[in-house]
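Spelled out from the first residue to the last, the chains are:
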Amino acid sequence: LARLRARLVKSNNVFGKSLLALLSRDEIDEDVWEEIEETLLMADLGTDSTMELVDTLRERVTVEGSKDPQRVRAMLHEELVKLIDPEFDRRLTVTADGRPAVVLVVGVNGVGKTTTVGKLARVLVAEDKDVILGAADTFRAAAAEQLTTWGSRVGVPTVSSDVEGADPASVAYDAVDKGTELETDVVLVDTAGRLQNKANLMDELGKVKRVVEKKSEVDEVLLVLDATTGQNGLNQAKVFSEAVNVTGIVLTKLDGTARGGIVVAIQKQLGVPVKLIGLGEGPDDLAPFDTESFVDALLE
Ligand code: GDP
């Protein structure tokens, strides 16, 4: 939590700062409500959720008859926690009976897929799990190399193809096959994300999943989204969730944005929880998503 706070603060957390400024006024008046609304919108909370939240807060203030900014801040905290939903099951499925757990990591180029696979491998290794990586992003020339580097950094093997443009599904299959042979606990598969041709990408992802399923069940499909891309990320999420059954979101680059409200919009749209957050480029910059800590950090 301390690290999350530090990161969000370092990232110039406009959301928290301006709310804090608003709520340190003597009294909550009409101008303040408007500014709260604006701040929530700027943080990418989405129009519906913002309206809903502000209406609820106004109603509570009327019922309680208190315009004390500190009280309003506490209410805002409670309502944000409710919106983000503390009931979501955010645990990753990384154990399977008698076979490796299979995790596919999907998302468009540049969002931080490969980095996330590397960081996640590190987390799992720290939990004493045997991990193998699959470099199924066969289109981006440097992707397999980048993943292999992460593999050696973290101390786990990487299955890749020497042939550029090799069939991603077959590399994914080989990784799961190898994981099964080596009796590893988890297979993490990095996939391709060229969005130039949406239909192709989605066909290809569907194929990767189907081919892997010939060998094993798929336990998690993690969609990686870049928190700095706002509405764009939401559109991507929609396209991906139509192609594969996404089981969790990884929201990256939260260290570089004040737009953490996107968590609310994404979860609402997909009905899938944010499970992990990326807070930097280093191997330790991945954290499980925790609603309370996240709201704390937002309102810091
Ligand atoms: P991919 O194309 O989706 O596999 O994306 P990469 O993993 O290659 O990441 C793209 C860039 O984003 C790289 O420069 C990463 O170091 C950077 N990156 C990934 N995750 C994070 C994050 O959580 N925070 C920051 N600041 N940068 C990140």
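Quick caveat: nothing in here was measured; it's all calculated off a predicted structure.

**Student:** Honestly, the side chain of lysine 209 in this entry has me stumped. Any pointers?
**Tutor:** Mapped onto the elements of the fold, lysine 209 is located in helix H9 (residues 198-213). Excluding residues that lie within four positions of it along the chain, lysine 209 makes contacts with Leu104, Val218, Val221, Val244 and Asn245.

**Student:** Looking at this model, I keep getting lost on the UniProt feature "domain: SRP54-type proteins GTP-binding" (unreviewed entry) in the protein chain. Mind explaining?
**Tutor:** When the UniProt feature table is mapped onto this chain numbering, "domain: SRP54-type proteins GTP-binding" (unreviewed entry) sits at residues 273-286. The straight-line gap between the two end C-alpha atoms of residues 273-286 is 16 Å; of that span, 0% is helix and 43% is strand.

**Student:** What's the story with the sheet that holds strand E4 (residues 186-191) in this structure? I'm lost.
**Tutor:** Strand pairing in a sheet relies on backbone hydrogen bonds, with the paired strands running either antiparallel or parallel. Spatial strand order, E3-E2-E4-E1-E5-E6-E7-E8: 8 strands in an open sheet with mixed pairing. Every other strand in the sheet has two partners, leaving strand E3 (158-159) and strand E8 (286-288) as the edge strands with one partner each. Examined bridge by bridge, strand E6 (residues 248-252) and strand E7 (residues 274-278) share 3 bridges and lie parallel to one another. What sits directly across from leucine 251, in E7, is isoleucine 277. Across the sheet, helix H7 (residues 143-154) touches strand E2 (131-136), E3 and E4, and the angle it forms with E2 is around 170 degrees. The strands touched by H9 are strand E1 (101-106), E4 and strand E5 (220-226); relative to E1, the strand with the most contacts, the crossing angle is about 175 degrees.

**Student:** Teacher, can you tell me more about the nonpolar core here?
**Tutor:** Side chains of nonpolar character tend, in soluble globular proteins, to be buried together. Leu188, Leu223, Ile249 and Leu251 are the most contacted members of the largest nonpolar core, which has 89 residues in total. Every residue in contact with leucine 188, bar those within four places of it in the chain, is listed here: Val103, Val117, Leu120, Ala121, Leu124, Val131, Ile132, Leu133 and Gly134.

**Student:** Looking at this structure, how should I read the pattern of salt bridges?
**Tutor:** Close approach of charged atoms lets side chains of opposite charge pair. Scanning the model with the defined rule gives 17 salt bridges in all. Its salt-bridge partner being lysine 275, residue glutamate 220 comes within 3.0 Å of it at the nearest N-O pair. Of the two residues, glutamate 220 sits in strand E5 while lysine 275 sits in strand E7, which places them 55 residues apart along the sequence. Exposure remark for glutamate 220: the relative accessible area of 1% places this residue in the buried category. Classification of lysine 275 as buried rests on a relative accessible area of 7%. Through salt bridges with shared partners, a single network forms among Arg60, Glu78, Glu79 and Lys82.

**Student:** Can you walk me through the site of the ligand in this structure?
**Tutor:** What surrounds the ligand is a group of 18 residues, the closest being Gly110, Lys113, Thr114, Thr115 and Glu281. Within the backbone of glycine 110, a nitrogen or oxygen atom sits 2.7 Å from an oxygen atom of the ligand. Threonine 115 places a side-chain nitrogen or oxygen 2.5 Å from an oxygen atom of the ligand. With 4 residues, the top contributor of residues to the shell around the ligand is helix H6 (residues 113-126). Considered class by class, the residues forming the shell around the ligand number 3 nonpolar, 9 polar and 6 charged.

Calculation criteria
- Residues numbered from 1 in each chain as written.
- Predicted model: local features only at pLDDT ≥ 70, side-chain atom pairs only at ≥ 80, totals over all residues.
- Heavy atoms only, no water.
- Helix = DSSP H or I, 4+ residues; strand = E, 2+ residues; numbered from the N terminus.
- Contact = heavy atoms within 4.5 Å.
- UniProt positions renumbered as here; feature names shortened; annotations may be inferred.
- Pairing = 2+ DSSP bridges.
- Axes fitted to C-alpha atoms, helices over the stretch in contact; angles between N-to-C directions.
- Core = buried A, V, L, I, M, F, W, Y, C linked by side-chain atoms within 4.5 Å.
- Buried < 20%, exposed > 50% of the residue type's maximum accessible area, 1.4 Å probe, protein only.
- Salt bridge = Lys/Arg side-chain N within 4 Å of Asp/Glu carboxyl O.
- Near = heavy atom within 4 Å.
- Polar contact = N/O pair within 3.5 Å; in protein donor to acceptor, adjacent residues only side chain to side chain.
- Nonpolar A, V, L, I, M, F, W, Y, C, P; charged D, E, K, R; others polar.

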